[in-house]
Amino acid sequence: MVPRKAVIPSKQLLQHTIILGATGSGKTFTCSRIVERAGEYSRIVVDWHGEYSDLIDGVEINPYDYPINPFIRDLPETIEVLIDAIGLTHPQAYILEKILTQSSGSIDSIMARLEVFSDESAWMRESRLSLIRKLSPLVREKYRGLFNGVDNDLLGLIDKVRKPLIVNVSVIRDPFIRKLYTVLLLKNIFMHGINEGFKRKVLVVIEEAQNLLGRDNPVGVISRMLAEIRKFGIGLILVSQSPSSLLEDAMKNTNTKIIHTLKSSLDLEIINKILYLPPSIQKIIPYMDVGEAILQSKTYKKPVVIRVI
Ligand SMILES: Nc1ncnc2c1ncn2[C@@H]1O[C@H](COP(=O)(O)OP(=O)(O)OP(=O)(O)O)[C@@H](O)[C@H]1O
Ligand SMILES: [Mg+2]
């Protein structure tokens, strides 16, 4: 079969895109080509591995210059994020909520209030102490700068800057903290899109999407908003090397699917199940070269073989 040149109409990006493939199959390269060419969108890449500045002409953002204070807006969503991203239990969330209703503020002041919070019972004391332990990485010297600021003006930059914004979260060494920063950033972008709106349509790239939309541990705030945000002019590009560990909804909620080569039988099985690929296409997926892919989109009646350039 002769590979075809990929054409994805720009407005289709609002209905979300997913790029899948084994490691080294060309996912990041493909994504960078789409981002580069989607100039009518405000573009923001959450750059998990710090690769995009070499691939596209963008503006690199250091997360330490754009702290996110989790505790000054969308408090119910913030608590939900903390439950999903750092594993707060419900009693811990309850105590945090109690403290936050007294007054919100910086992570430092919340920690201080937690220290002196008067426990009404033994379970409360236990939950409070473990809550302090769970929140303590956020105030560690190395990371406090990420969460302790007034708040970031990154959302403002999305409207102002025409070039793609590349948020280099790879500078956050601890993957747990990196994930938390990423989730808070995405939550802020989605909530802003829904409540206030951005000036232009926004395209958001999420690499290693299985970290946020894992089959077993999806981050609720993100997975729930997948279907909703497209109505508010936010399109996502999800990138993942492991379709079998992704939430099925993440795949079903994406209109454009780009499948690079996959080798594991589990991944192939999931793809065949969700995409209804004809046997002739199924057969070649494990043997495609780097940069070759299957494109399934509204533009084509059937999935087509493409080479990304
Ligand atoms: N369409 C293409 N044309 C030319 N070179 C490509 C193409 N796609 C990928 N490459 C090259 O192949 C290598 C691997 O590509 P890439 O980093 O995009 O893979 P990946 O699927 O994102 O890998 P990982 O799972 O490790 O993130 C890179 O050196 C990249 O430049
Ligand atoms: Mg990659």
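Up top is the structure these notes are about.
Along each chain, numbering runs from 1 in the same order as the chain's sequence is written. Starting at A for chains and at 1 for ligands, labels are handed out in the order in which the entities are written. Totals for whole chains, interfaces and linings use every residue, but because this is a predicted model, local features are given only for residues with pLDDT of at least 70 and side-chain atom pairs only at 80 or more, for both listing and counting. The side-chain quantities take in all heavy atoms of the structure and omit both hydrogens and water.

**Overview of the pattern of salt bridges**
- When a carboxyl oxygen of Asp or Glu is within 4 Å of a side-chain nitrogen of Lys or Arg, the pair counts as a salt bridge. One pass over the structure, following the stated rule, counts 12 salt bridges.
- Notably, a salt bridge pairs Arg33 with Glu36, separated by 3.7 Å at the nearest N-O pair. Taken together, the positions of Arg33 and Glu36, both in helix H1 (residues 27-37) and 3 residues apart, correspond to about one turn of that helix.
- Buried, partly exposed and exposed residues are distinguished by accessible area as a fraction of the type maximum, computed with a 1.4 Å probe on protein chains only: under 20%, between the cut-offs, and over 50%, respectively. When its relative accessible area of 15% is taken as the criterion, Arg33 is described as buried.
- The partner of Glu248 in a salt bridge is Lys273, with the nearest N and O atoms 3.0 Å apart. In this pair, Glu248 sits in helix H10 (residues 248-252) while Lys273 sits in helix H11 (residues 265-275), placing the two residues 25 residues apart along the sequence.
- One connected set of salt bridges, linked through shared partners, spans Arg215, Glu248, Lys252 and Lys273. By the criteria applied, helices consist of DSSP H or I runs no shorter than four residues and strands consist of E runs no shorter than two, each listed in order from the N terminus.

**A look at the layout of surface pockets**
- Size it by volume and the second largest pocket reaches roughly 170 Å³.
- Here a cavity denotes a set of grid points, spaced 1 Å apart and computed over the protein atoms alone, in which a 1.4 Å probe fits but from which it cannot get out, and a pocket denotes an open set meeting protein on both sides within 12 Å along at least five of seven lines; residues with an atom within 4 Å of a point are reported as lining. Along the walls of the second largest pocket sit 13 residues, with Lys27, Thr28, Glu207, Glu208 and Gln241 positioned nearest its centre.
- Listed by contribution, the elements that provide at least two residues to the lining of the second largest pocket are H1 and strand E7 (234-240). Grid points are joined across faces, edges and corners, and a volume is the space filled by probe spheres set on the points.

**Some thoughts on the environment of Phe232**
- By the element assignment, Phe232 lies in the loop between helix H9 (220-229) and E7.
- Judged by relative accessible area, Phe232 falls into the partly exposed class, the value being 35%.
- Contact definition: two residues touch when any of their heavy atoms are within 4.5 Å. Sequence-distant contacts of Phe232, that is, excluding residues within four places in its chain, are made with Gly193 and Ile194.

**Overview of the packing of aromatic side chains**
- Aromatic pairs are defined between Phe, Tyr and Trp rings, using the six-membered ring for Trp, whenever the two ring centres lie within 6.5 Å; interplanar angles under 30 degrees are classed as stacked, those over 60 as edge-to-face, and all others as tilted. The tally for this structure, following the rule as stated, stands at 1 aromatic pair.
- An angle of 45° between the planes, with centres 6.3 Å apart, marks the rings of Tyr94 and Trp123 as tilted. Of the two residues, Tyr94 sits in helix H3 (residues 90-102) while Trp123 sits in helix H5 (residues 122-135), which places them 29 residues apart along the sequence.
- Since its relative accessible area comes to 38%, Tyr94 is described here as partly exposed.
- Note on Trp123: relative accessible area 44%, which makes it partly exposed.
- One Lys or Arg, Lys201, reaches over the ring of Tyr41 and ends 4.6 Å from the middle of that ring. Cation placement over rings: the criterion is NZ of Lys or CZ of Arg within 6 Å of the ring centroid and within 35° of the ring normal.

**Some words on the environment of Ile110**
- Among the secondary structure elements, Ile110 is positioned in helix H4 (residues 107-116).
- Sequence separation between Ile110 and Ile68 is 42 residues, and the spatial gap between their C-alpha atoms is 15 Å.
- Not counting residues within four places of it along the chain, the set of residues in contact with Ile110 comprises Phe71, Leu96, Ile99, Leu100 and Gly105.

**Regarding the side chain of Asn253**
- Examined against the element boundaries, Asn253 turns out to sit in the loop between H10 and strand E8 (256-259).
- Taking relative accessible area as the criterion, Asn253 reaches 17% and is therefore assigned buried.
- When near neighbours in sequence (up to four residues on either side) are disregarded, Asn253 contacts Gln15, His16, Leu226, Ala227 and Arg230.

**Brief notes about the site of ligand 1**
- The criterion for a residue being near a molecule or strand is simple. One of its heavy atoms has to lie within 4 Å of it. In the vicinity of ligand 1, the residues found are Ala22, Thr23, Gly24, Ser25, Gly26, Lys27, Thr28, Phe29, Val290, Gly291 and Val308.
- The contact in question runs from an oxygen atom of ligand 1 to an N or O atom on the backbone of Phe29, over 2.8 Å.
- Protein contacts shield 63% of the accessible area of ligand 1, which totals 620 Å² for the unbound molecule.
- Lys, Arg, Asp and Glu make up the charged group, whereas Ala, Val, Leu, Ile, Met, Phe, Trp, Tyr, Cys and Pro make up the nonpolar group; the residues left over, Gly among them, are polar. Counted by class, the shell around ligand 1 contains 4 nonpolar, 6 polar and 1 charged residues. The definition of a polar contact used here is a pair of N or O atoms within 3.5 Å, where within protein one atom must be able to donate a hydrogen and the other to accept one, and adjacent residues in sequence count solely through side-chain atom pairs. Only the protein chains shown count as cover for residues, with accessible areas throughout obtained via the Shrake-Rupley method and a probe of 1.4 Å.

**Brief notes about the packing of H4 against H5**
- Remark: H4 packs on H5, axes separated minimally by 10 Å, with the N-to-C direction vectors making an angle of 155°. Between H4 and H5, the crossing angle belongs to the class labelled roughly antiparallel. Considering how the two elements wind past one another, H4 and H5 form a crossing that is left-handed. Taken together, the residues of H5 that come into contact with H4 (itself represented by Met111, Leu114 and Glu115) are Arg128, Leu131, Ile132 and Leu135. Geometry is summarised by axes, namely lines fitted to C-alpha atoms with helices restricted to the contacting stretch, and by angles between N-to-C directions that run from 0 to 180 degrees. In these notes the angle categories are as follows: under 35 degrees is roughly parallel, over 145 is roughly antiparallel, 65 to 115 is roughly perpendicular, and the rest is oblique. By convention the crossing between two helices is left-handed if the near helix lies anticlockwise of the far one by an angle smaller than a right angle, and right-handed if it lies clockwise.

**With respect to the packing of helix H2 (residues 75-86) against helix H8 (residues 175-195)**
- Where H2 meets H8, the axes come as close as 10 Å, and the angle between the chain directions of the two elements is 150°. Between H2 and H8, the angle is such that the two are roughly antiparallel. For the pair H2 and H8, the sense of crossing is right-handed. Contacts between H2 and H8 involve Glu77, Thr78, Val81, Leu82, Ala85 and Ile86 on the former and, on the latter, Phe176, Lys179, Leu180, Val183, Leu184, Lys187 and Met191.
- Split by residue class, the contact of H2 with H8 holds 9 nonpolar, 1 polar and 3 charged.

**Thoughts on unusual backbone geometry**
- With a phi close to 70°, His16 is a non-glycine residue in the positive phi region.
- Considering the arrangement of structural elements, one finds His16 in the loop between strand E1 (4-5) and strand E2 (17-20).
- Look at His16 and you get buried, because its relative accessible area is 1%.
- Positive phi outside glycine occurs at Asp74, with the angle close to 45°.
- Checked against the element boundaries, Asp74 lands in the loop between strand E4 (59-61) and H2.
- Residue Asp74 is classed as buried on the basis of its relative accessible area, which comes to 18%.

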